[in-house]
Number of protein chains: 2
Amino acid sequence: MAAARGQRGGDRDVPAAPNAAEVTMPIPPVSDTPMQRARAIPEAAVARLAVYLRVLSGMAEQGIVTLSSEELAAAAGVNSAKLRKDLSYIGSYGTRGVGYEVSVLVDQIERILGLTRSHSVAVVGIGNLGHALANYGGFPSRGFPVAALFDVDPDLVGVPVGGLPVSHIDDIPKVCAEREISIGVIATPPAAAQAVCDRLVAGGVASIVNFAPVVLQVPDHVEVRKVDLAVELQILSFHVARRADSMNVNGSALGNVDGVVIGR
Amino acid sequence: MAAARGQRGGDRDVPAAPNAAEVTMPIPPVSDTPMQRARAIPEAAVARLAVYLRVLSGMAEQGIVTLSSEELAAAAGVNSAKLRKDLSYIGSYGTRGVGYEVSVLVDQIERILGLTRSHSVAVVGIGNLGHALANYGGFPSRGFPVAALFDVDPDLVGVPVGGLPVSHIDDIPKVCAEREISIGVIATPPAAAQAVCDRLVAGGVASIVNFAPVVLQVPDHVEVRKVDLAVELQILSFHVARRADSMNVNGSALGNVDGVVIGR
DNA sequence: AGCCACTTGTGAACGAATGCACAAAGTGGC
DNA sequence: GCCACTTTGTGCATTCGTTCACAAGTGGCT
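Caption draft 1: Highlighting the packing of helix 2 (residues 69-76) of chain B against helix 3 (residues 80-90) of chain B. Residue and element names in this part refer to chain B. Closest axis-to-axis distance for the helix 2/helix 3 pair is 8 Å, and the angle between their directions is 105°. Relative to helix 3, helix 2 is oriented roughly perpendicular. Each of S69, E70, L72 and A73 in helix 2 lies in contact with helix 3, whose residues at this interface are S80, L83 and R84. For the contact of helix 2 with helix 3, a count of residues per class yields three nonpolar, two polar and two charged.

Caption draft 2: Quick look at the protein's contact with DNA strand C. Taken together, 27 residues are adjacent to DNA strand C, and R48 and R96 of chain A together with S69, R84 and Y100 of chain B come closest. Considering the 4 Å shell around the protein, atoms of DNA strand C inside it are sugar or phosphate in 69% of instances. Of all elements in the fold, only helix 3 (80-90) of chain A together with helix 3, strand 2 (94-95) and strand 3 (99-101) of chain B reach the threshold of two or more residues within the surface near DNA strand C. When grouped by side-chain class, the residues that make up the surface near DNA strand C number eight nonpolar, ten polar and nine charged.

Caption draft 3: Broad picture of the nonpolar core. Counting residues in each nonpolar core, the largest one holds 105 residues, and the members touching the most others are L87, I109 and V209 of chain A together with L87, I109 and V209 of chain B. The contacts of V209 of chain A, once residues within four sequence positions are left out, are I183, G184, V185, I186, R225 and V227 of chain A together with L229, E232, L233 and L236 of chain B.

Caption draft 4: Highlighting helix 1 (residues 43-61) of chain B. Residues and elements named next belong to chain B. Taking 1.5 Å as the rise per residue, helix 1 with 19 residues should run 27 Å; its terminal C-alpha atoms sit 28 Å apart, in good agreement. Within helix 1, 15 of the 19 residues are buried, which leaves the element mostly enclosed by the surrounding structure. Directly beyond the C-terminal end of helix 1, a positive phi value near 85° is found at G63.

Caption draft 5: Expanded view of the protein's contact with DNA strand D. DNA strand D sits among 30 residues. The nearest are S69, R84 and Y100 of chain A together with R48 and R96 of chain B. Here, DNA strand D places atoms within 4 Å of the protein, and 68% of those atoms are sugar or phosphate. Between a base nitrogen of DNA strand D and a side-chain N or O atom of R84 of chain A, the distance comes to 2.8 Å. Breaking the surface near DNA strand D down by element, the ones donating at least two residues are helix 3, strand 2 (94-95) and strand 3 (99-101) of chain A together with helix 1 and helix 3 of chain B. Looking at the surface near DNA strand D residue by residue, the class counts come to nine nonpolar, eleven polar and ten charged.

Caption draft 6: Structural detail: the sheet that holds strand 6 (residues 160-161) of chain B. Residue and element names in this part refer to chain B. Spatially, 6-7-5-4-8-9-10 is the arrangement adopted by the seven strands of the open sheet, whose pairing is mixed. Both outer strands of the open sheet, strand 6 and strand 10 (223-226), are each paired with one neighbouring strand and no more. One ladder, built from four bridges, connects strand 9 (residues 207-210) with strand 10; its direction is parallel. Residue pairing for strand 10: N210 is matched across the bridge by K226. Its contacts with the sheet put helix 7 (residues 190-202) on strand 4 (120-124), strand 8 (181-186) and strand 9, and the angle it makes with strand 8 is roughly 180°.

Caption draft 7: Focus on the pairing of strand 5 (residues 146-151) of chain B. Residues and elements named next belong to chain B. Along strand 5, five of the six residues are buried, which leaves the element largely enclosed by surrounding structure. One ladder, built from four bridges, connects strand 4 with strand 5; its direction is parallel. Paired with V121 across the two strands is V146, which belongs to strand 5. With helix 5 (residues 128-135) bridging strand 4 and the parallel strand 5, this β-α-β connection has right-handed handedness.

Caption draft 8: Quick look at the sheet that holds strand 1 (residues 66-67) of chain A. All names here are of chain A. The strand order 1-3-2 describes an open sheet built from three strands, whose pairing is antiparallel. Every other strand in the sheet has two partners, leaving strand 1 and strand 2 as the edge strands with one partner each. The sheet contact formed by strand 2 and strand 3 spans two bridges and is antiparallel. Directly across from T95, in strand 3, lies its bridge partner G99.

Caption draft 9: Region of the structure containing the confidence of the model for chain A. Averaged over all residues, the pLDDT of chain A is 83; the fraction at 70 or higher stands at 79%. Note on residues 251-264 of chain A: pLDDT under 50 across the span, and 15 contacts to partners over four residues away in sequence or across chains.

Reading the values: rules and limits
Residues numbered from 1 in each chain as written. Chains lettered and ligands numbered in written order. Predicted model: local features only at pLDDT ≥ 70, side-chain atom pairs only at ≥ 80, totals over all residues. Heavy atoms only, no water. Axes fitted to C-alpha atoms, helices over the stretch in contact; angles between N-to-C directions. Helix = DSSP H or I, 4+ residues; strand = E, 2+ residues; numbered from the N terminus. Parallel < 35°, antiparallel > 145°, perpendicular 65-115°, else oblique. Contact = heavy atoms within 4.5 Å. Nonpolar A, V, L, I, M, F, W, Y, C, P; charged D, E, K, R; others polar. Near = heavy atom within 4 Å. Core = buried A, V, L, I, M, F, W, Y, C linked by side-chain atoms within 4.5 Å. Buried < 20%, exposed > 50% of the residue type's maximum accessible area, 1.4 Å probe, protein only. Expected span 1.5 Å × (residues − 1). Polar contact = N/O pair within 3.5 Å; in protein donor to acceptor, adjacent residues only side chain to side chain. Pairing = 2+ DSSP bridges. Right-handed = clockwise from strand over helix to strand, strands pointing away. pLDDT = per-residue confidence, 0-100.

Structural data, given as structure tokens:
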């Protein structure tokens, strides 16, 4: 509804679909963390920081050295106050009257997001989606090398996909431990997802991205992020219905019979 | 951190990267909406309703007729109070002392989410991901028939993918209008995304799912949901870093040298 | 019929996230 | 060296979302 309307999450996010939560680090009355200022960064802000980082990388490539919160906010699709607040969670790296230096922000956001180390990723389920993920060049370049692939299909095991041979899902715990996988991506059919998840956890993986339309049950120390296209579509559907309703209510559905509105 | 820990959004909630917002329908002092009670349903609740719907469908297939909020909540990975509140937004369809009838809930959630009509989907960008989406059987069966495919590549135009011939992206506005596409899915490389988005909008599409890692600029009446794997990975990376930090702080990193923690 | 055990639906308290508005801090011009 | 201008960083009010806790209803049992 705001002027600068961006996108939502998925909540993500939530949503987008956000099971809200603070990322507070209780850190009892122990002194303060020596380096890494990093106190309580709201979950939502973390997601946005990742977006800022991408926008900033693009800016850096274009040779932009300095920019104001207003400019960055516009490019990231958020309002400038929110942007400044988000940045303030990670420290004070701007110069009043001037703005921010792109390279500094990039460095700091990378530091906070833990991108100074690289995190090996395992993809489980080499179907259409798994293939796409295994071949996608965007991750290795951003510090997320795909270091293991798994599938049940015996015909697929051993076959290299995107330069990496596929292993059998029974070997998930062993291989994950060996290759120090930190993030598991589940791209299997729904029925297999929970079993795969359990094996990933057994292999020491504590971070999972789940593309399967299932609610995974995991121990407390494991973090799951869900990506569910069906849910996204249904959320959009809801808003379509909402819009249609409001038109019917204040009468005069602007000439659209039912369904898609063509004009505006 | 709660006991029943589920997943987050992609807010996409957060998600994932959620630009929070109410779904309030101002509906001035006009009487009350005649049918469709549907007043202000929080964005986050809508995302969860979609999840409940999926869980409930599974239950229905298993022949479950009735269940309590507690049971459904457990299966959906949320706490039961939240679940009941979410359901209360759409009306009172439970029976005190007994619980909910699965089929009733399914019907009502489908009604609220606008799933009584089907919504035609267009997929733009028939690369690895686009292929996966075009072939994925999960959407048609849930009321989201894929009715158009687009790509720039002339070699691909005309070729049927998943039974549907690919059209050229220049024809997006025309084809979308003709086939009454209500949802566009962008699966192109980042550089092409904004142009594709503009054409979808020109074709009357007011709901977009964007897989390209770009912030799309759209007019106010268009709704964009972003699905960004890189962001998801970075959020997980953040939490990994957080966890590692806290271990170093209260001393005694349980025998892990640096990086992945194997035990627990 | 009356009581008991159970489960929903929701008011109200709490907590998190957003947006506003301004003081603080720096720059460049004169 | 001072002033006018710009832009950050943040306290505060507000809005949005989650959780608690309990009254109100329902079915089963005696």
